[in-house]
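# Architecture at a glance
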Amino acid sequence: MTETTTGVRRPAASAAAGSTIRFRPDIEGLRAVAVVLVVLFHAGVPGLAGGYIGVDVFFVVSGFLITSLMLREIRETGGLSLIGFYARRARRILPAAAVVLVATLLASYHWLGYLRGDEIAGDVVWSALFAGNFHFAAGGTDYLASQGAPSPVQHFWSLAVEEQFYLVWPAAIVVLLWLGFRWAIGWWLAAAVAASFAYSIWQTGTWAYFSPVTRGWELGAGCLLALAATRLDRIPYRIATAMAGTGLALIVVAALTFDDATPFPGYAAALPVLATVLVLAGRGDSVLGRWPLVRLGRVSYPFYLWHWPVLVIAGQAYGGPLPATSRALLVVASLGLAVITYVCLEDPIRRSAHLRRSYVLSLSLAAWLIVAPLAVARWQTSTSPAADPGNGAEYTPRLGAPRDQP
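This is a predicted model, so every value here is computed, not measured.

### Some words on the pattern of salt bridges
- For the structure shown, the criterion picks out 12 salt bridges.
- With a closest N to O distance of 2.8 Å, R350 and D347 form a salt bridge. Of this pair, R350 and D347 both sit in helix 15 (residues 324-351), 3 residues apart, roughly one helical turn. One exposure class covers both R350 and D347, and it is buried.
- Through salt bridges with shared partners, one network takes in D56, R215 and E218.

### Concerning the packing of helix 3 (residues 82-112) against helix 17 (residues 359-383)
- One can describe the packing of helix 3 onto helix 17 by two numbers: an axis separation of 8 Å at closest approach and a directional angle of 20 degrees. It follows from the interaxial angle that helix 3 and helix 17 lie roughly parallel. The way helix 3 lies across helix 17 gives a crossing that is left-handed.
- Along the lines of polarity and charge, the residues of the contact of helix 3 with helix 17 split into 22 nonpolar, 4 polar and 1 charged.

### Re the packing of aromatic side chains
- For the structure on display, the rule yields 19 aromatic pairs.
- Geometrically, the ring pair formed by F181 and W183 is edge-to-face, given 6.0 Å between the ring centres and 65 degrees between the ring planes.
- Clustering of aromatic rings is evident, with ring pairs tying together F41, Y52, F59, W157, Y209, F210, F258 and F264.

### Concerning the confidence of the model for the protein chain
- When pLDDT is averaged along the protein chain, the result is 88, and 87% of the positions lie at 70 or above.
- When the criterion is pLDDT under 50, residues 5-20 qualifies, and its contacts beyond four places in sequence or with other chains add up to 44 contacts.

### Side note on the environment of P265
- In this structure, P265 sits in the loop between helix 10 (237-257) and helix 11 (270-281).
- In this structure the C-alpha to C-alpha distance between P265 and E218, which are 47 residues apart in sequence, comes to 9.7 Å.
- In this view, P265 contacts S200, T204, A208, Y209, T214, R215 and E218; residues no more than four positions away in its chain are not counted.

### Considering the nonpolar core
- By size, the foremost hydrophobic cluster in this structure holds 110 residues, and its most contacted members are I53 and W169.
- In terms of residue count, helix 3 provides more of this core than any other element does, 14 residues in total.

### Remarks on the environment of A366
- Mapped onto the fold, A366 is located in helix 17.
- Remark: the alpha-carbon pair of A366 and A90, spanning 276 residues in sequence, is separated by 5.6 Å.
- In this structure A366 touches A90 and L94, once residues within four positions along its chain are discounted.

### Some remarks on helix 3
- Taking 1.5 Å per residue, 31 residues should reach 45 Å; helix 3 reaches 41 Å between its end C-alpha atoms and fits that length.
- Along helix 3, the sharpest kink reaches roughly 40 degrees, centred on L94 and followed within four residues by the proline P95.
- The element helix 3 is extensively covered by neighbouring structure, given that 22 of its 31 residues are classed as buried.
- Looking at where helix 3 begins, the residue whose side-chain oxygen comes 3.0 Å from the main-chain nitrogen of G84 is S81.

### Details of the packing of helix 1 (residues 25-42) against helix 14 (residues 300-318)
- The N-to-C vectors of helix 1 and helix 14 enclose an angle of 0 degrees; their axes lie 10 Å apart at closest approach. Taken as axis vectors, helix 1 and helix 14 run roughly parallel relative to one another. Where helix 1 approaches helix 14, its residues R31, V35, V38, V39 and H42 are matched on the opposing element by S300, Y301, F303, Y304, H307, W308 and L311.
- Here the residues of the contact of helix 1 with helix 14 are counted per class, giving 8 nonpolar, 3 polar and 1 charged.

Conventions adopted
Residues numbered from 1 in each chain as written. Predicted model: local features only at pLDDT ≥ 70, side-chain atom pairs only at ≥ 80, totals over all residues. Heavy atoms only, no water. Salt bridge = Lys/Arg side-chain N within 4 Å of Asp/Glu carboxyl O. Helix = DSSP H or I, 4+ residues; strand = E, 2+ residues; numbered from the N terminus. Buried < 20%, exposed > 50% of the residue type's maximum accessible area, 1.4 Å probe, protein only. Axes fitted to C-alpha atoms, helices over the stretch in contact; angles between N-to-C directions. Parallel < 35°, antiparallel > 145°, perpendicular 65-115°, else oblique. Left-handed = near helix turned anticlockwise from the far one by under 90°. Nonpolar A, V, L, I, M, F, W, Y, C, P; charged D, E, K, R; others polar. Phe/Tyr/Trp six-rings, centres within 6.5 Å; stacked < 30°, edge-to-face > 60°. pLDDT = per-residue confidence, 0-100. Contact = heavy atoms within 4.5 Å. Core = buried A, V, L, I, M, F, W, Y, C linked by side-chain atoms within 4.5 Å. Expected span 1.5 Å × (residues − 1). Bend = angle between axes of the 7 residues up to and from the residue. Polar contact = N/O pair within 3.5 Å; in protein donor to acceptor, adjacent residues only side chain to side chain.

Set out below in structure tokens:
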């Protein structure tokens, strides 16, 4: 969900000599499709009850892109630097995530009151530590069911799953390379993907929805495709184009036909995952490579982060279902925040020459960006009137929201 859109696509003859990774506009367009599906689903647009499958699309794309970049490093250097990998990840994901978490927490205290703010502060702590999926699963959260008061940072569960996956996958590659088993990387990954998929079928339910074990196969599917990327250019152009078109159509079918009654992830998740693999393996530039989709794809990560807290806090402050016009305006506002975050924060930090030259600076920045939401959460909870029930303060949510439904 959070990597740059580059992918390996070059003639097989030059694969061994290895070197060029070129821009894939169709992947940016695919990310745009994924984020639009998720946002419209959360905004309650009729007919898109399965829009949550956009997250599955993100997982596959993320696995494909990040593994492509790791394979390039292995070809060029003969190894893989874990410190370098995590420094790049930190520059890419932490700036926007930290800003959204802090802003969401402060907005929650301001508009939803101290009691609700203290509850959300706990959610923010887990999300900042990339363990929100465990937290929400342990609390019995059902992502697809209607919640009386969903957390405005609940959507950070998917980011947690990604980062948990990337604690294991790069390390496994390094170990296999160190043991001299480079040839076994694909076999090991294929076995892990099969086991994860089988487990997701067996354990479909609340915990399975949030679990890195039941979701790992989705990221792994993208990783497997990256391992086979040098062979993709052998696919005839017309067949590759048909593959991409079929995959895109199947993603839309899943979004239109799935709903909250669909057992997920399990068997059902195979449809959007395989559809995304088809798009990535084919050539979708003619549709997905158009500039509006490419531009939207570039801000898909901050757009994903901003849209949910904006919709949730506004809805809970309002005290009931928001009118359709209000939801539409909130989505536009979220997109505006995403563009500002990308232009002023995410892109400058990711491209910073100083940070790219120094892993120490990158990891130091990462530590501060993780600590910042934790510190704000601690400060807000400790200074909240709700922390002293004997002071006689009134803690009801603001803007007329009922006491039992912030």
